[in-house]
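Fold and geometry: a report
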Amino acid sequence: MLKVRLPDGSVRQFTHRVRPIDVAAEIGSRLAKATVAAVVDGHVVGADTPLPSDGEISLRLLTNKDPEALAVLRHSCAHVMARAVMRLFEGVRLAFGPTTATGFYYDMDLEHSISEDDFPAIEAEMAKIIKQDEEFERIERPRDEAIALCRELDQPLKVEHIEEGLADHPTLSFYRQGEFVDLCRGPHIPRAGMIKAFKLLSVAGAYWKGDSSRKQLQRLYGTAFFSKADLEAHLKAVEEAKRRDHRVLGKQLDLFTISPLVGAGMILWLPRGAIIRSELENFIREELVRRDYEPVYTPHLGHVELYETSGHFPYYADSQFAPIEMNPGERYLVKPMNCPHHVMIYKARRRSYRDLPLRLAEFGTVYRYEQSGELTGMTRVRGFTQDDAHLFCTEDQVADEFRGCLEMTRFVLETLGLTDYRVRLGFRDPASDKYVGSEESWQRAEASLEAVCREMDLPRLDVERGEAAFYGPKADFVVADCLGREWQLGTVQLDYNLPSKERFGLEYTGPDNRPHQPVMIHRAPLGSLERFVGMLIEHFAGAFPLWLAPEQVRVLSVSERAESYGRKIEAKLRAAHLRVRGDYRAEKLGGKIRDAQLMKIPYMFVVGTKDMEQGTVSVRDRIEGDLGAMTLEKAIEHLQDEIATKRVRQVAKSSVRLIETAEGSEY
RNA sequence: GCUAGCGUAGCUCAAUUGGCAGAGCAGCUGAUUUGUAAUCAGCAGGUUGUGGGUUCAAGUCCCUCCGCUAGCUCCA
């Protein structure tokens, strides 16, 4: 006998073998019709999956209201799409077709190169399939039969996957819908007709099993919903997100530009963007002083041998600008990292344990030859400045220093109202040989790093194997951009290797008057200023908090009669260290306000003849609108207070989310 | 780097089948003197990313390179 516990706490008993859909039918025929899938003891299963014949389970029926159901729907839609493509083109070999946070894709290999021009035909075929409203039927087969079936279906990629990736599965499942049979773990929606709205979005290349040495397949992206309204809302949200893309806003607000003549991936900071950057740098500098860092400066070049010693040159040769050869044997590298230079500052004299921790900080500009297809606005560039620092400390100081770095990063992010990030602990992949250093030092480093992070209760902390730097484990602060793509910002990395004898052989004299090896910590709270500002542009949708705003106040004259008064106000604001400009054009006030609003200027001081007579300014707040007339002194005080406290008044909410839903299917 | 798509005025975009390169905004000039999200008019602005090819004729078709976009791979 099976006891089924439902979410409302009620328990139903079944003496015969039942499926979730049967449980639903017993509750009500309308529920049965609406049931998309079910969650049994925390696992999503199909509505027709037989439940155990006895014992006790918890069951939650999923309808189109549940987010888990949407993933099931999308995965089914991926099947429908693959089926449509197979109907339209010859020789389609299927690979993987999982769901993503916002839709689904299917990777396939076929002769015909699919372009967006093919989308209408594919969508029309999909619509036909959905209209037929056929069931998704689950079929299970033992391994050898499954392989034979995939061979018969002429699906070599599926055969390969069963033989390699699914080697430990004794039986495999397939889903059939009409003539279409696909190796698939499921689950699926009961009938194709449940897909009420779908759209193909894009096509791109994707390597088979994510391996760039293997064949490149065609990946077709799409999304699906339970209603047309949901689809339209989603597409609208994506459009809105695109409007606050930093590349769009950077142009509109005159923040930065990129010139092909200067070079792809090289940011030219326009005056307005440069203000944001320099304010951030000042903010970081103040924190460095508070936290007892010592600023240093180092050159942009270094001998290749320096980077051979550090290991960067051999390891990252492909992604560096080629060495500059001046004379035979005299080769310089444009620096791809600041650490070797800072190491040489450490080595400039003998160090005592009394000198430690030594914290050397520099806004260091580095150059890396990123692959051309990787370049993206400010977020992935070839030249960038890190708010870098290297800490040299004793083994005993590691935990405290590491914690200090994490705290500074967290403080900086939170000051900017950036609370929506995750922390990724990048550990070594034990199966890979790309790492330098001993097994023992890696274990020690990973253990102490994880202990500190756990104790600090960092948001959404998770360990990712294979994400370490080649010289040590790290904690990365990762945020998503307005289109849901994740970017690494701040980073704190532990390094037992550069100081080692095999590398730079760093030493300090301990209290025992004997040489010891220090530990290095690499850290950058913002990471790259380019990427960070790119993120900030999207985070604030271009409307920066007052302390960062390139233009903090704009003086708007109502008419020519108030111009000279306006210019006096402007001068006084400038004298009060506010970033101000005046708009004395022969435009109507409404027009000037509109221009200032579009440039996201936080405050507008409107001056007309009334203000001139009363000695006031009429303050308009970008967010609140007209605040009325007040004395200039009061207005300045108001602004200076907002600047001093670095107040964040408004943050653009991300409309496209990186959602927590797990990938839908593994095959 | 790979796959696919794209590149027209400073910006956003038009230009039937290959058939005289156009608009709005921005800019400049003039008029207007305005009280909380667009005042009016005129002018100017281009070797259609680069180099080659096909054609009587190329923004449009083909090739090269450069750049951009999406995704993959990479990311010290």
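Residues numbered from 1 in each chain as written. Chains lettered and ligands numbered in written order. Predicted model: local features only at pLDDT ≥ 70, side-chain atom pairs only at ≥ 80, totals over all residues. Heavy atoms only, no water.

**Some points on the protein's contact with RNA strand B**
Taken together, 57 residues lie around RNA strand B, and Q216, M337, S372, E374 and R561 are the ones closest in. Within 4 Å of the protein, the contacting atoms of RNA strand B are 46% sugar and phosphate, with bases supplying the remainder. In this structure, R380 approaches RNA strand B through a side-chain N or O atom, which is 2.9 Å from a base oxygen. Here a base nitrogen of RNA strand B sits 2.6 Å away from a polar atom, N or O, in the side chain of R594. (Near = heavy atom within 4 Å. Polar contact = N/O pair within 3.5 Å; in protein donor to acceptor, adjacent residues only side chain to side chain.)

**A few points about the packing of helix α3 (residues 67-88) against helix α4 (residues 119-132)**
Between α3 and α4, the shortest axis-to-axis distance is 8 Å and the interhelical angle comes to 120°. Our classification of the angle between α3 and α4 gives oblique. Along this stretch, α3 crosses α4, giving a crossing that reads as right-handed. In this structure, α3 contributes C77, V80, M81, R83, A84, V85, R87 and L88 to the contact, and α4 contributes A121, I122, E125, M126, I129, I130 and Q132. For the contact of α3 with α4, the per-class residue count stands at eleven nonpolar, one polar and three charged. (Axes fitted to C-alpha atoms, helices over the stretch in contact; angles between N-to-C directions. Helix = DSSP H or I, 4+ residues; strand = E, 2+ residues; numbered from the N terminus. Parallel < 35°, antiparallel > 145°, perpendicular 65-115°, else oblique. Left-handed = near helix turned anticlockwise from the far one by under 90°. Contact = heavy atoms within 4.5 Å. Nonpolar A, V, L, I, M, F, W, Y, C, P; charged D, E, K, R; others polar.)

**Comments concerning the sheet that holds strand β17 (residues 324-327)**
Backbone-to-backbone hydrogen bonds join strands into a sheet, with any given pair of strands oriented parallel or antiparallel. Pairing is antiparallel across the open sheet formed by three strands, whose spatial order is β16-β18-β17. The open sheet has two edge strands with one neighbour each: β16 (301-303) and β17. For this sheet, the mean inter-axis angle between neighbouring strands, taken without regard to orientation, is 35°. Bridge count between β17 and strand β18 (residues 330-334): three bridges; the pairing is antiparallel. In the strand pairing of β18, N327 is matched with E330. (Pairing = 2+ DSSP bridges.)

**Structural notes on the environment of V11**
Looking at the secondary structure, you find V11 in strand β2 (residues 11-14). For V11, a relative accessible area of 42% puts it in the partly exposed group. (Buried < 20%, exposed > 50% of the residue type's maximum accessible area, 1.4 Å probe, protein only.)

**Notes on the nonpolar core**
Core analysis: the biggest nonpolar cluster contains 62 residues, and L280, F402 and L406 have the highest contact counts within it. Here this core takes seven residues from helix α13 (residues 398-415), the largest share from any one element. F402 has contacts with L449, V452, C453, A475, V492, Q493, L494 and I521, leaving out every residue within four places of it along the chain. Counting 44 residues, the second largest nonpolar core, distinct from the first, contains A78, Y106, A192 and F225. (Core = buried A, V, L, I, M, F, W, Y, C linked by side-chain atoms within 4.5 Å.)

**A look at the domain arrangement of chain A**
Put simply, an interface is often sized by how much accessible area is lost when its parts join up. Considered domain by domain, chain A is made up of domain 1 (2-63), domain 2 (68-235), domain 3 (252-539) and domain 4 (553-644). Each of domain 3 and domain 4 was reduced to a C-alpha centroid, and the two centroids are 42 Å apart. Taken residue by residue, the interface counts six residues in domain 3 and six residues in domain 4. With both sides pooled, the region where domain 3 packs onto domain 4 buries about 460 Å², and carbon together with sulfur makes up 56% of that total. Contact with domain 4 buries area across many residues of domain 3, yet L253, R272 and I275 alone supply 78% of it, more than any other trio. (Domains from an automatic or database assignment. Buried area = accessible area lost by both parts, 1.4 Å probe.)

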